[in-house]
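Residue-level structure breakdown
Spelled out, the chains give:
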Amino acid sequence: MRDFQVKKMFESIAFSYDFQNSFLSLGRDIQWRRALAKSIHFKSGSLVLDLATGTAEVAVEICRRHAQARVMGLDFSPGMLAIGQKKIRARGLESRVRLLVGDGRGIPFRSGSFDVITMAFGIRNIKERDIVLSEAGRVLKKKGEFFIMEFGRPERSLPGCLYGIYFNRILAPLGNRLSQTDYAYSYLVRSICEFPSDAEFLDEIAAAGFNHTEVKKLTFGIAKIYSGIKDSS
Ligand SMILES: C[S@@+](CC[C@H](N)C(=O)[O-])C[C@H]1O[C@@H](n2cnc3c(N)ncnc32)[C@H](O)[C@@H]1O
């Protein structure tokens, strides 16, 4: 899908995005975002950039977990951010979370602005991954942490086979119906299948200037957290 089509898709499913996520993952998405927030080695006064923040679920979770956290959420879909903004207001987080319309391929901040960057379920939607990774490296401070969460393909194990049945036969038709589109979740399944292997993606992260790259599997590899630390040189 071209980027304007991706944007249009998120604009059209924003109204029910949070519900679809929780329903289709049987609530696991909440645990996955908790694991992401828990992975951050937070220092007092740290500033976090949440790329592809969508409805600000990760930003809210980071604030819940880290009392001193301040988060800047960036996303190119105003519709997704509008839902996120309501959430921020409802939770009284206006002084800690700011949401901004912007593109991950050209992050509108100066070099070395952030201590931590998170990006959940966003990178898969962007063809120019190398640009996003290098932009993240640019706006991170030296030794800053970068965490990327993505879905994995079903693995060869018993839980993997069961997930495979759901992934291959149920997820797309059910998700399309819930999102009132005939393509959003077919695209989701296709984009997960097209995403690089763990080793390839870790190489891409390293090529963008990150050290200590690693991947952590969640729920039998249905979700994964890739991470790296910005090279100090
Ligand atoms: C699957 S949603 C993930 C939202 C959120 N991070 C979460 O955990 O639910 C993907 C988000 O990526 C955003 N996105 C896709 N391409 C983008 C780009 N080039 N720049 C900024 N945001 C982008 C979409 O608008 C959408 O909100």
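So, here's what we can say about the structure.

Parameters at a glance
- Residues numbered from 1 in each chain as written.
- Predicted model: local features only at pLDDT ≥ 70, side-chain atom pairs only at ≥ 80, totals over all residues.
- Heavy atoms only, no water.
- Buried < 20%, exposed > 50% of the residue type's maximum accessible area, 1.4 Å probe, protein only.
- Helix = DSSP H or I, 4+ residues; strand = E, 2+ residues; numbered from the N terminus.
- Contact = heavy atoms within 4.5 Å.
- Axes fitted to C-alpha atoms, helices over the stretch in contact; angles between N-to-C directions.
- Nonpolar A, V, L, I, M, F, W, Y, C, P; charged D, E, K, R; others polar.
- Core = buried A, V, L, I, M, F, W, Y, C linked by side-chain atoms within 4.5 Å.
- Near = heavy atom within 4 Å.
- Polar contact = N/O pair within 3.5 Å; in protein donor to acceptor, adjacent residues only side chain to side chain.
- Areas by Shrake-Rupley, 256 points an atom, 1.4 Å probe, with all protein chains shown as cover.
- Salt bridge = Lys/Arg side-chain N within 4 Å of Asp/Glu carboxyl O.

With that settled, consider helix α6 (residues 129-139). Counting along an α-helix, one turn takes 3.6 residues, and residues three or four places apart therefore face a common direction. Along α6, the residues that are buried comprise R129, V132, L133, E135, A136, G137 and V139. Considering only its buried residues, α6 is in contact with β1 (47-51), β4 (114-120), β5 (140-151), α9 (198-207), β6 (210-218) and β7 (223-230).

This part is about the packing of helix α1 (residues 3-13) against helix α5 (residues 78-90). The N-to-C vectors of α1 and α5 enclose an angle of 35 degrees; their axes lie 7 Å apart at closest approach. Counted together, K7, F10 and E11 of α1 and P78, G79 and M80 of α5 form the full contact between these two elements. Of the residues in the contact of α1 with α5, the class split is 3 nonpolar, 1 polar and 2 charged.

Turning our eyes to something else, we now look at the nonpolar core. W32, I62, V97 and M149 are the most contacted members of the largest nonpolar core, which has 47 residues in total. In terms of residue count, helix α8 (residues 184-194) provides more of this core than any other element does, 6 residues in total. Counting 23 residues, the second-largest nonpolar core is a separate cluster that includes L49, I107, I123 and I126.

For the ligand, the set of nearby residues contains 20 residues, the closest of which are Y17, R33, A52, D75 and A120. A distance of 2.8 Å separates a nitrogen atom of the ligand from a polar backbone atom of A52. Between the ligand and G104, the relevant distance is 2.9 Å, taken from a nitrogen atom to a main-chain nitrogen or oxygen of the residue. When isolated, the ligand has an accessible area of 600 Å², and the protein chains bury 98% of it. Its residues assigned to classes, the shell around the ligand shows 9 nonpolar, 7 polar and 4 charged.

Attention now goes to the side chain of S77. As for its position among the elements, S77 is in the loop between β2 (70-75) and α5. Given a relative accessible area of 0%, S77 falls into the buried group. Only 3.1 Å separates the side chain of S77 from the backbone nitrogen of M80, close enough to count as a polar contact. If we skip the residues at most four places from it in the chain, S77 touches F10 and E11.

Here the focus is the pattern of salt bridges. As a working rule, side chains carrying opposite charge can pair if their charged atoms are close by. In total, this model carries 14 salt bridges according to the counting rule given. For the salt bridge of E150 with R124, the shortest nitrogen-to-oxygen distance reads 2.7 Å. Residue E150 is located in strand β5, and its partner R124 is located in the loop between β4 and α6; the two are separated by 26 residues in the primary sequence. For the pair E150 and R124, a shared accessibility class is recorded, and that class is buried. Here E204 ties to R129 by a salt bridge, and the two come within 2.8 Å at their closest N and O atoms. Here R129 lies in helix α6 and E204 lies in helix α9, a separation of 75 residues in the sequence. Look at E204 and you get partly exposed, because its relative accessible area is 24%.

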